[in-house]
Amino acid sequence: MSNTSPFHRSSAQPALSRRDFLWQAGGGLGGLALASLLGTDRALASPGKLTGCLHHPPKAKRVVQFFMAGAASHLDLYDYKPELIKRHGQPSDFGEKVEAFQNGLGPWMRPFWDFHPYGRSGKMLSEVSAPLGAVVDDMAFIHNMVGKSGVHSAATLLQSTGFQLPGFPGAGCWVSYALGSENDNLPTFVVLPDHRGFASNGVKNWDSAFLPSQHSGTIIQPSTTNPVADLFPSKGAGLLRPGSEPATQALLAELNQAHAASRPGDQRLEARIRSYELAARMQLAAPEALDLQSEAAHVQKLYGLERGPQAWAKEINAAEETFVFGQRCLAARRLLERGVRFVQVWSGNDNGFPRRNWDSHEDVKRDHGPLALGMSRGIAAFIQDLKQRGLFDDTIILWTTEFGRMPSSQGGKGRDHNPFVFTNWLAGGGIKGGTTLGESDQWGFKPLDRANPTQVYDVHATILHQLGIDHTRLSFRNNGIDRRLTDVHGHVLHGLLA
Amino acid sequence: MARPRLTLNAYAAFAAWALCCSLAVAAPVDFLREVRPIFEAKCFKCHGPEKQKSGFRLDASQVALHGGEAHAPNIVPGQPDRSPLLRFVSGVDREMRMPPKGDLLTVSEQATLRAWIAEGAVWPATADVVLANPLDWWSWRPLPSPQPAVDGSAKIDSFVRAKLAERGLQPAAPAPSATLVRRVTVDLTGLPPTPEETAAFLADSSPLAYERLVDRLLASPRYGERWARHWLDVVHYGDTHGYDKDKPREHAWAYRDYVIRALNADKPYARFVQEQVAGDTLFPGTRDGIEAMGFLAAGPWDLIGHAEVPESKVDGKLTRHLDRDDMLANTLGTFTSLTVHCAQCHNHKFDPITQEDYYSLQAVFAALDRTDRPYYLDDATNAKATKLVRQQKDLSAQIRQTEATLGAQAGEAYTALTRRIEGISKTAAAKAGNPTPDFGYHAQVSQQAQTVKWVQVDLGQRVELARVVLSPCYDDFNGIGAGFGFPVRFKVEVSDDPEFRQGVQLLWRGHDQRFMADLPNPGLTPYVVPIEPEDVITGRYVRVTAVQLAPRKGDFIFALAELEVRTADGRNVAQGRPVQALDSIEASPRWRKVNLTDGLAPVRPSPDELAQLQAERDRLLLAAASPAVAETLRARRTELAQLTKEVAALPKPSLVYAAGIHTGSGTFAGTGAQGGRPRPIFLLARGQVTQPQREVGPGALAALGFAPARFVLPAGAGEGERRAALAQWLTHRDNPLFWRSAVNRIWQYHFGQGLVETANDFGRNGAVPTHPELLDWLAGDFREHGGSWKRLHRQILLSATYRQSSDDNPAASRLDGGNTLLWRQQRRKLEAEVLRDAVLQASGRLDLTMGGPGWRDFVVERPEHSPHYRYDLADPADPQTFRRSIYRFVVRSQTQPWMTSLDCADPSMRVDKRNESLSALQALALLNNGFMLTQSTVLAERVVRERGEVKAQVARAYELVLGRPPSAATLERLVVFTREQGLPATCRALFNLNEFAFVD
């Protein structure tokens, strides 16, 4: 059985023969070395263009994924359930035995904020999602997402990598692997974590696992002194004098060229030389890309950054959440604009106390209020900004979380985990705005049509489809199995496509 | 529900009629003309020559009549009613109708199939597809006995040269000595040779010089450190759990040290493996037998899935299922290079591994959890401790039995005393329970445990809190006694708002154990809610909200004796303050809200009182015994006391994080309370924990017929016997996979690629060997010689194949670009650990201390919840990090970013072969990371110490990093650079050279 797809790669294939193939395909030495370095060899047939080896013509070129760590409540943000308002306080009755993570099966509990219709589509959004009302006609909601586990770690991995176990590449790694970079001076896949820390599973949500390591998400902390690890000499920098960087680069190039010349036929030696040249270029490109201060005042204002950082209150608050999330959204836009292929933006960190994520077991209002307002403001600005720059049409936006929250109360003010149904939404990149695909039941407890829920595989398949990739033909052999982002599942959600 | 039943009845009646008809006319069904067309039209799309969903196909009798996964066999010749196929095509089962979409088979088609099966499902050979024997695959074939060879290295060369000759290729010239010494030293020790070692080798003109070098390196303790790293990649070893709340495993390192020790001692491979699967059972009382069990626990583990979700819930079942899956995938993957875990949802698609095999393997590990296991470093103490503890257990049981017998005869006074001592009697209540009749605060009774109740105290003003103390109640109601009404789950909050609508601060320390998990009843011990000074908790109202109440008698309650709020100076500012509650039972004087802050709470009896009561009770007990029985009891007690003293006198045991029987509480109980009895394991339809089919016993892979694959164990055999049986099966002399897998891995690390390129997959989806005869000869020879790794290394390293140059040969490259035929050696990039260790060796700071807890190059923040491992906050000049990389503390959720950029193995994955990548981020990591900059300075300082003037210093730095002196021109260039940029910048550049990063 041979798979001739250009996307089918296996670690079993000898590296050299692959290079030979590329050699014959017409690249020059430098270009080839660079390609293998960047993982862009798949697109070599027409460098810089996506259509080179794609399965079909793409609708989108890049992806941004917003991930709400801790499980954001569909009921309090997007999925309007009048029945819950009507039955608020009545004993909950699911009509079946329910296993909730912390047995949070108290009375039915209404959403904590009122809902109002927005846009031409009249989509109901809660007051803390109100800023998204400005762009709601661009968004396509999926209200019948189902997960597999109510445990944060496994569920987060499922949404980020398509598997419940650690050890699988993140969706961004697959996209980076398939499409390579549009800008050699920046990483192809960037992760903007919550400034307070990583979500469940840490870097396992975006590391490349069995894919080559250059496809790992590169962590960027915008507006910190060291936004990219090791971009510049950090501790011990005292040993370097002014001008030492170009001098070192020149010395390395010279000695490495001599070394490579005496060992012909090994492309890796040349590739490594190029990696140092590229590193020097990245040192220039990355700070420029992350210079949020250079944005015009009206743009800063759009994202809610005009007042700059403040001495924030100790308790979680909307002003701070708006500022920190807005910074990440603006950084995401700047990176995408400069050719980064996939940006993953996180809201919330892992499960500690006091809560700084969406896992509102104790108090939905306290956590979801500020987090949602900050998130909505930032993403609404992001979408408007992409549109005015002409980037919206070929950028796919995915909003996701690991699962939803229960329609019943936990301890009066909180909600327990609900892996049985939750919400995703997409926008841009050929997605049909103003639509809803799939409903939850009258409680927001399970899908309305339980036999036909939507799963993460379908969402991933759809995103790959928009990028010009058949998800069943993007695979990599590892430990004897042709692994895919979508495992053995996934259907493109044609109902979402424009 | 009515319609399906009607359909069924109608169908059954019709089928019976059809059957009668076909029998009546006595014309047997013609498979070719009548049956096969039905299969072709309705079934082949999914179960035919092209596609075999669930591995089932109706074009080949071998599968059609025997396969069918959970339903196998789908067709039972002669027994239509026991043939699931007929049920599926009838459509009665909505979940399992066939075909799943579109029209069902017509009634007459169904009748034809029924008749055909009733007649014996005759399948003519002319209409059959004969499938390849799944066992007819290179890795599953028996291993031939090797032809003995005088010179194993020459034997290797002869196999390799024969293959080269077939393609008209020649081996490369021997590598120069300077290249060879660097290559073999890195290969065996993970460190480049020092300039002095290189010089000594180059100066040795003896023909035995190389052989002596190999022997010296094999004998070096550095050998075990180097090869243990390879092993730990394969078994996915880590020092933290991974997943959410990635807690450290403080004792995992003992397994890592075991591996190093075993490899240095050249432990026979079969024994090495037996210890890792069942060391505690096969080699009881030995240190290695316990430490090796770290293997099964090496991989990631989901703390939340175990500690917060009980096994009774679906998510809890799934967590444990995945836990066993990790153990068995690790075991079979490591030792047999098979992807057995692919068979959890269906029979393996490519290899003869059934779902039954898979769940039999799960049954082998069914009693286990991952836990810290105590043991002693010396085997004598281990044996002694095991014996003492067993004796202690036996004797205690005997004494308990005698006491129970006597107690039953000792009368009411004895019983009353016992109850009093155990704190459940009325007398005890009077004496040791409530000092006064005012018990405390008691909420209204609820019918459901998950009911929210709160009670709060008004401190009268805003106060900064130091801690909150909750004292439990005492009430004999329903024999409950101490801890009456103490909530199972609750939270404590502070606010200035009496309604707790705004400005609410959660007392979050310990919140996990009291709100996220069931809190064990504290008895009469006051429960302290701690607050650390940096938390700064201030407020006027302190509220306790119970979300899961305490059970009483078919109902649930919430009661507290006292709520104290202490300030930093120790004052209880709650005493006498008003109390509010959601509801309350006001039953003065015992139960009322004001009792919550009245300063009175029940207390335990003092130790003196307790001792007095116990002495009194014992007197009553012995009075009931005959003199002989009393004497025996006394003697046994004396003996037990002696044993207890001896046990207590044992040295503190060591711990290793390993697979074992866990005795826990709450949701993570383990099997300890059941004496380690294995959990029942069921074959799961589609791998779903919600769909258990039949229970399966322990076993291995049935298709491999060299030994029984369903383990028949004697009655009463402990769970360890299951693992022992698996260990014996794995390491069986005739297990062809076992020996082939091992030699292929070792070969791979010497050549950069295995004889089989997919070292973790010897199945049909993997690669085939490039040199099958060589692989088999090596495997057989390895087996015949005790599974000695060092002997195998020696054979390989002394071969001309290993010693040839890695230079390219354009002609050969055109024929065999991947060098699969080994016409040259492979230039290899230094792995992350080797590069790091080589930097430290060059700078002169490499600390060769062996073993012990891993060194840490991170700072842990927030260890109480999800620890944050902050590498950026560590000091790169911290000398404890100057040890070899094998001793690094390996974190799973936050892998060391610098090592990761250098393709370090991911401890969450079983890595048979590391990626070898090059990227700009890697270049930046090597240029700018604090470790590299620090060591560049250290190297500069070293050469300044060792040499007098700049030129000599630069030359020394060059040879320390690259192992050879620079050419005159290069030296001149470097001296110019050094004069401009300084010596540390030169050292930094040297560490970034291609020549340093690659081994020729």
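Treat the numbers as computed from the prediction; the structure is a model and nothing was measured. (Residues numbered from 1 in each chain as written. Chains lettered and ligands numbered in written order. Predicted model: local features only at pLDDT ≥ 70, side-chain atom pairs only at ≥ 80, totals over all residues.)

1. A few points about the overall build of chain A
And then number 1: Counting secondary structure elements, chain A contains 12 helices and 15 strands.
And then number 2: Taking all 498 residues of chain A together, the buried fraction comes to 61%. (Helix = DSSP H or I, 4+ residues; strand = E, 2+ residues; numbered from the N terminus. Buried ≥ 20, exposed ≤ 12 C-beta atoms within 10 Å, placed from the backbone.)

2. Quick look at the overall build of chain B
And then number 1: If you tally the helices and strands in chain B, you get 37 helices and 22 strands.
And then number 2: Residues classed as buried in chain B amount to 49% of the 1000 residues present.

3. Observations concerning the confidence of the model for chain B
All names here are of chain B.
And then number 1: With 95% of its residues at a pLDDT of 70 or more, chain B shows a mean pLDDT of 89.
And then number 2: Across residues 424-432 the pLDDT falls below 50, and counting only partners more than four positions away or on other chains, this stretch makes 20 contacts in the model.
And then number 3: The ipTM value of the predicted complex is 0.81, and its pTM value is 0.80. (pLDDT = per-residue confidence, 0-100. Contact = placed C-beta atoms within 7 Å.)

4. Focus on the sheet that holds strand 9 (residues 527-530) of chain B
Within a sheet, neighbouring strands are paired by backbone hydrogen bonds and run either parallel or antiparallel to one another.
Residues and elements named next belong to chain B.
And then number 1: Ordered by their spatial adjacency, three strands build an open sheet running 9-4-14, and the pairing between neighbours is antiparallel. Two strands bound the open sheet, and with one partner strand each, they are strand 9 and strand 14 (562-566). The mean inter-strand angle of the sheet, taken between neighbouring strand axes irrespective of direction, is 15 degrees. (Pairing = 2+ DSSP bridges. Axes fitted to C-alpha atoms, helices over the stretch in contact; angles between N-to-C directions.)

5. Some thoughts on the domain arrangement of chain B
Size of an interface, as often reported, equals the accessible area lost when the parts are brought together.
And then number 1: Domains assigned within chain B are domain 1 (2-127), domain 2 (268-376 + 656-730), domain 3 (444-603) and domain 4 (931-999).
And then number 2: One C-alpha centre belongs to domain 2 of chain B, the other to domain 4 of chain B; they are set 53 Å apart. (Domains from an automatic or database assignment.)

6. Some thoughts on the interface of chain A and chain B
And then number 1: On the side of chain B, 93 residues touch chain A, which itself brings 82 residues to the contact.
And then number 2: Within the residue set of the side of chain A that touches chain B, elements represented by two or more residues are helix 1 (15-24), helix 5 (152-161), helix 7 (244-261) and helix 8 (267-289) of chain A.
And then number 3: A class-by-class count of the residues in the side of chain A that touches chain B yields 37 nonpolar, 31 polar and 14 charged. (Nonpolar A, V, L, I, M, F, W, Y, C, P; charged D, E, K, R; others polar.)

7. Here's the deal with the sheet that holds strand 8 (residues 505-506) of chain B
Residues and elements named next belong to chain B.
And then number 1: Read across the sheet, five strands follow the order 8-7-10-3-15 without closing on themselves; strand pairing throughout is antiparallel. The sheet terminates laterally at strand 8 and strand 15 (579-581), the two strands that pair on one side only.
And then number 2: Relative to strand 15, strand 3 (residues 453-464) runs antiparallel, the two being bridged by three bridges. Residue pairing across strands places Val 455 opposite Ala 581, the latter belonging to strand 15.

8. Remarks on unusual backbone geometry
And then number 1: Residue Met98(B) is joined to Pro99(B) through a cis peptide bond whose omega torsion reads -10 degrees.
And then number 2: Structurally, Pro99(B) can be placed in the loop between helix 5 (84-90) and helix 6 (107-118).
And then number 3: Across the junction of Ser588(B) and Pro589(B), the peptide omega takes the value 0 degrees, indicating a cis bond.
And then number 4: Considering the arrangement of structural elements, one finds Pro589(B) in the loop between strand 15 and helix 22 (607-623).
And then number 5: For Ala209(A), which is not a glycine, the phi torsion comes out positive at approximately 50 degrees.

9. Regarding the environment of Gly503(B)
Residue and element names in this part refer to chain B.
And then number 1: Within the secondary structure layout, Gly 503 lies in the loop between strand 7 (489-495) and strand 8.
And then number 2: In this structure the C-alpha to C-alpha distance between Gly 503 and His 346, which are 157 residues apart in sequence, comes to 54 Å.
And then number 3: Ignoring sequence-local partners within four residues, the contact set of Gly 503 consists of Ser 495, Asp 496 and Asp 497.

10. Some words on the packing of helix 13 (residues 269-282) of chain B against helix 24 (residues 719-730) of chain B
If you want to describe how two helices pack, look at the angle between their axes and the distance between the axes.
Residue and element names in this part refer to chain B.
And then number 1: Contact geometry for helix 13 and helix 24: axes closest at 8 Å, N-to-C directions at 145 degrees. Between helix 13 and helix 24 lies a crossing of left-handed hand. Contacts from Val 273, Gln 274, Val 277, Ala 278, Asp 280, Thr 281 and Leu 282 in helix 13 reach Gly 720, Glu 721, Arg 723, Ala 724, Leu 726, Ala 727 and Leu 730 in helix 24.
And then number 2: Here the contact of helix 13 with helix 24 is built from residues that sort into eight nonpolar, three polar and three charged. (Left-handed = near helix turned anticlockwise from the far one by under 90°.)

11. Focus: the nonpolar core
And then number 1: Ala332(A), Val343(A) and Val340(B) are the most contacted members of the largest nonpolar core, which totals 303 residues.
And then number 2: Counting residues per element, this core draws most heavily on helix 11 (residues 364-388) of chain A, at 10 residues. (Core = buried A, V, L, I, M, F, W, Y, C linked by C-beta atoms within 7 Å.)

12. Some details on the environment of Ser139(B)
Residues and elements named next belong to chain B.
And then number 1: Residue position: Ser 139 is located in the loop between helix 6 and helix 7 (152-166).
And then number 2: When the 24 C-beta atoms within 10 Å are taken as the criterion, Ser 139 is described as buried.
And then number 3: Through-space distance from the C-alpha of Ser 139 to that of Pro 772 is 9.5 Å; in sequence the pair is 633 residues apart.

13. Thoughts on the packing of helix 8 (residues 177-189) of chain B against helix 10 (residues 209-219) of chain B
All names here are of chain B.
And then number 1: In contact at an axis separation of 9 Å, helix 8 and helix 10 are set at 25 degrees when each is read in the N-to-C sense. Between helix 8 and helix 10, the angle is such that the two are roughly parallel. Every pair of crossing elements has a handedness; the one defined by helix 8 and helix 10 is right-handed. Judged by residue contacts, Leu 180, Val 181, Val 184, Thr 185, Leu 188 and Thr 189 of helix 8 engage Tyr 210, Leu 213, Val 214, Leu 217 and Leu 218 from helix 10.
And then number 2: Here the residues of the contact of helix 8 with helix 10 are counted per class, giving nine nonpolar, two polar and no charged. (Parallel < 35°, antiparallel > 145°, perpendicular 65-115°, else oblique.)

14. Focus on the environment of Glu356(B)
All names here are of chain B.
And then number 1: You can see Glu 356 is positioned in helix 17 (residues 355-364).
And then number 2: Taking C-alpha positions, Glu 356 is 9.2 Å from Phe 682, a pair spaced 326 residues apart along the chain.
And then number 3: Once residues within four sequence positions are removed from consideration, Glu 356 is found in contact with Leu 683 and Val 696.

15. Focus: the pairing of strand 14 of chain B
Regular strands have side chains that alternate between both faces of the sheet.
All names here are of chain B.
And then number 1: The buried fraction of strand 14 is high, at four of five residues.
And then number 2: Inspection of the sheet shows strand 4 (residues 467-471) paired to strand 14 by five bridges, in the antiparallel sense. By the bridge assignment for strand 14, Ser 471 is matched with Glu 562.

16. A few points about the pairing of strand 15 (residues 481-484) of chain A
Residue and element names in this part refer to chain A.
And then number 1: As paired elements, strand 14 (residues 475-478) and strand 15 share four bridges and run antiparallel to each other. The residue of strand 15 that forms the bridge with Arg 477 is Asp 482.
And then number 2: Two successive antiparallel strands, strand 14 and strand 15, enclose a turn made up of two residues, where Asn 479 displays a positive phi of approximately 45 degrees.

17. Here's the deal with the confidence of the model for chain A
All names here are of chain A.
And then number 1: Here chain A shows a mean pLDDT of 87. Residues at 70 or above account for 89%.
And then number 2: Confidence drops under a pLDDT of 50 for residues 1-6, and excluding neighbours within four residues, the segment shows four contacts in the predicted structure.
And then number 3: Across residues 8-52 the pLDDT falls below 50, and counting only partners more than four positions away or on other chains, this stretch makes 88 contacts in the model.

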